[in-house]
Amino acid sequence: MKTRTRFAPSPTGYMHIGNLRTALYEYLIAKAQGGDFILRIEDTDQKRYVEGATDIIYATLKRVGMNWDEGPDVGGEYGPYIQSERKSLYADYAHKLVELGGAHYCFCSKVEADDQKDEEQNIKFQDPCKRLSLEEAKARVAAGEPYVIRQTIHKKGKSKYHDEVYGDIEIDYDELDEGVLLKSDGMPTYNFANVVDDHLMNITHVVRGNEYISSTPKYNLIYEDFGWEHPHYVHVPPVMKDAQHKLSKRNGDASFQDLVAKGYLPEAILNYIALLGWNPGTEQEIFSLKELEQIFSAERLNKSPAIFDITKLTWMNGCYIRALPAEEFHKLALPYYEKALARKVNLEFLSQVLQPRVETLGEIPAQIDFIENTLAFSNDLYTNKKMKTDAAVAQNTLTETRAVLAQAADWSNQGLFDALKALAEKLGVKNGQILYPLRIALSGKETTPGGATEIAVVLGKEETLRRIDDALAKF
RNA sequence: GGUCCCAUCGUCUAAUGGUUAGGACACCACCCUUUCACGGUGGUAAUAUGGGUUCGAAUCCCGUUGGGAUCACCA
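Residues numbered from 1 in each chain as written. Chains lettered and ligands numbered in written order. Predicted model: local features only at pLDDT ≥ 70, side-chain atom pairs only at ≥ 80, totals over all residues. Heavy atoms only, no water.

### Overview of the sheet that holds strand β7 (residues 180-182)
Read from one edge to the other, the open sheet built from 3 strands follows the order β3-β4-β7, with strand pairing classed as antiparallel. Each having just a single partner strand, β3 (103-106) and β7 make up the two edges of the open sheet. Shown here is a sheet whose adjacent strand axes are inclined to one another by a mean of 45°, direction ignored. In the sheet, β3 pairs with strand β4 (residues 148-151) via 4 bridges, with the strands oriented antiparallel. Residue pairing for β4: Ala103 is matched across the bridge by Gln151. (Pairing = 2+ DSSP bridges. Helix = DSSP H or I, 4+ residues; strand = E, 2+ residues; numbered from the N terminus. Axes fitted to C-alpha atoms, helices over the stretch in contact; angles between N-to-C directions.)

The following block contains the structure:
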């Protein structure tokens with residue numbers, strides 16, 4: 001049978017990192033076996049629906065290259081792929097399940113059910129409606145009384161199933177809740193809709209967070225009652241923000257789009273999260289999505305939670321940035337230049353200088369803060385022990401440097417460097433005694449991306465000479 | 001509280017009874033070098049704990065501790 005997995009988000013807001021990772025594993029399990037990846041929108045809770053949330057889901061998956069074979073927009077033979085559009089179908093199956101003895105009508109209010117329960121003392125809701133005969137219950141339904149359909153846990157003893165990550169799971173049927181399957185508004189709960197849909201859509205592997213481990217036996221009971229075969233289960237551990245807390249949008253943790261806005265590349269984010277809870281069994285760490293499709297195996301999924309480490313993501317993003325073709329990096333950097341710079345400078349060369357020096361695009365503004373205008377600085381800044389420079393040395397060499405640069409015909413990094421190196425030889429001083437003061441004069445900073453001559457190339461001849469003049473005037 | 005799950009450097013992880021417990025990030029040092037990066041070399045750093053089983057345990061079993069999940073007309 002062809003492998004089929006589904007990503008089934010509810011459109012309640014942002015696409016967070018944990019969600020995206022689950023989607024990635026679903027996608028990879030399907031693709032590693034030449035199967036299909038299905039997108040299904042689980043919008044059975046109308047109260048939580050957020051406008052535009054589905055668009056974010058579409059845009060994110062597309063942006064990282066995880067294309068779905070079937071879904072609301074592309075269609076497919078198992079549609080519709082939006083649960084609210086399947087409403088009547090769930091109701092039909094729910095009533096059918098009642099006939100099969102796997103569920104019953106319940107007329108209790110939510111408060112009645114809640115009042116009876118006590119988690120601390122482990123007291124579960126004992127539904128009085130279970131004692132109703134089917135005829136009696138049906139009569140009350142027919143009379144228009146509000147009702148829900150609850151699952152009937154009719155088995156005793158241990159329920160067992162196999163999970164691809166966690167192995168064999170055993171849970172006593174007594175532990176299972178007789179949860180609502182069909183709400184009073186006629187909508188199914190997740191507990192019911194996901195079973196019906198996964199079966200109807202021929203899903204072979206269900207991948208989801210490990211918080212579902214203990215409710216899976218309930219779902220298996222539904223499959224059994226319908227006479228259906230349950231899918232393979234792949235429960236994955238959560239992505240954490242620290243040892244105690246899951247990554248969550250509610251806590252203000254970074255979402256995929258937040259990271260992109262900070263200058264992380266989607267490819268790098270995807271690569272990083274693939275490795276949060278999975279490893280290839282080799283020491284390779286940089287993978288394209290295509291490569292992952294070739295080598296992914298659910299057997300190498302981890303059982304324990306993984307803490308999201310922005311530092312390592314940042315390193316990996318730096319790897320991706322450095323690996324970019326120069327033109328590509330330039331294109332990505334351009335919007336950041338436009339925001340920070342009004343002055344005309346050599347942006348192509350600036351990109352060359354910056355590419356190995358930034359790990360995220362968001363670092364660009366801070367790196368180029370001296371380009372629009374020289375930063376204010378004190379002449380003490382010329383003092384550097386290692387370079388053997390101070391204000392006096394600077395005043396002297398800067399005067400000579402200005403003369404050389406004013407004559408420079410070749411305004412390239414190599415040309416300028418050679419010219420200044422020759423000057424150092426002529427004056428009998430160290431290269432640094434020429435170059436360090438020049439950098440200070442041009443930038444007002446003791447550390448800059450690129451050397452003095454590179455900054456000069458970026459700024460251009462006119463601006464370079466003007467800044468030297470300004471610096472000389474300050475002595 | 002009942003039940004279920006988890007536990008290797010600070011972090012991500014490898015090692016599925018026999019390794020000097022390996023790699024990566026981060027950190028530190030050195031090299032390269034017109035500062036800063038990039039790159040290169042090296043270093044610090046882990047099997048939570050107590051019992052078993054075994055010639056031999058990070059690995060198998062039991063307990064303890066610590067953490068997480070679940071017990072919604074949310075998914």
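### Details of the nonpolar core
Ranked by size, the top nonpolar core spans 94 residues in total, and within it Leu61, Met66, Phe308, Phe329, Tyr337, Ile364 and Ile371 carry the most contacts. Broken down by element, the residue count for this core peaks at 9 residues, all from helix α1 (residues 17-32). Each residue touching Phe329, except ones within four places of it in the same chain, is listed here: Ile321, Leu324, Tyr337, Ser351, Leu354, Gln355, Val358, Leu361 and Ile364. Of all hydrophobic cores here, the second largest spans 42 residues; its members include Leu97, Cys129, Ile153 and Phe226. (Core = buried A, V, L, I, M, F, W, Y, C linked by side-chain atoms within 4.5 Å. Buried < 20%, exposed > 50% of the residue type's maximum accessible area, 1.4 Å probe, protein only. Contact = heavy atoms within 4.5 Å.)

### Let's talk about the pattern of salt bridges
On inspection of all chains with the given rule, the structure shows 33 salt bridges. For Asp36, the salt bridge identified is with Arg4, shortest N-O distance 3.9 Å. One end of the pair, Asp36, is in strand β2 (residues 36-39); the other, Arg4, is in strand β1 (residues 4-7), with 32 residues separating them in the sequence. Arg4 carries the same exposure label as Asp36, and that label is buried. (Salt bridge = Lys/Arg side-chain N within 4 Å of Asp/Glu carboxyl O.)

### Quick notes on the protein's contact with RNA strand B
Surrounding RNA strand B, one finds 64 residues, the nearest of these being Lys117, Asn279, Glu285, Gly450 and Gly451. Near the protein, within 4 Å, the atoms of RNA strand B are sugar or phosphate in 70% of cases. In the environment of RNA strand B, a base nitrogen lies 2.7 Å from a nitrogen or oxygen atom belonging to the side chain of Tyr212. In the environment of RNA strand B, a phosphate oxygen lies 2.3 Å from a nitrogen or oxygen atom belonging to the side chain of Asn279. If you list the elements that add at least two residues to the surface near RNA strand B, you get β6 (167-172), α6 (190-200), β11 (306-307), α11 (310-323), α16 (413-427), α17 (431-443) and α18 (452-459). Sort the elements by how many residues they give to the surface near RNA strand B and α11 lands first, with 4 residues. Across the surface near RNA strand B, the residue classes break down as 21 nonpolar, 19 polar and 24 charged. (Near = heavy atom within 4 Å. Polar contact = N/O pair within 3.5 Å; in protein donor to acceptor, adjacent residues only side chain to side chain. Nonpolar A, V, L, I, M, F, W, Y, C, P; charged D, E, K, R; others polar.)

### As for the domain arrangement of chain A
When its domains are assigned, chain A resolves into domain 1 (85-236), domain 2 (256-323) and domain 3 (326-475). Between the C-alpha centres of domain 1 and domain 3 the distance comes to 69 Å. (Domains from an automatic or database assignment.)

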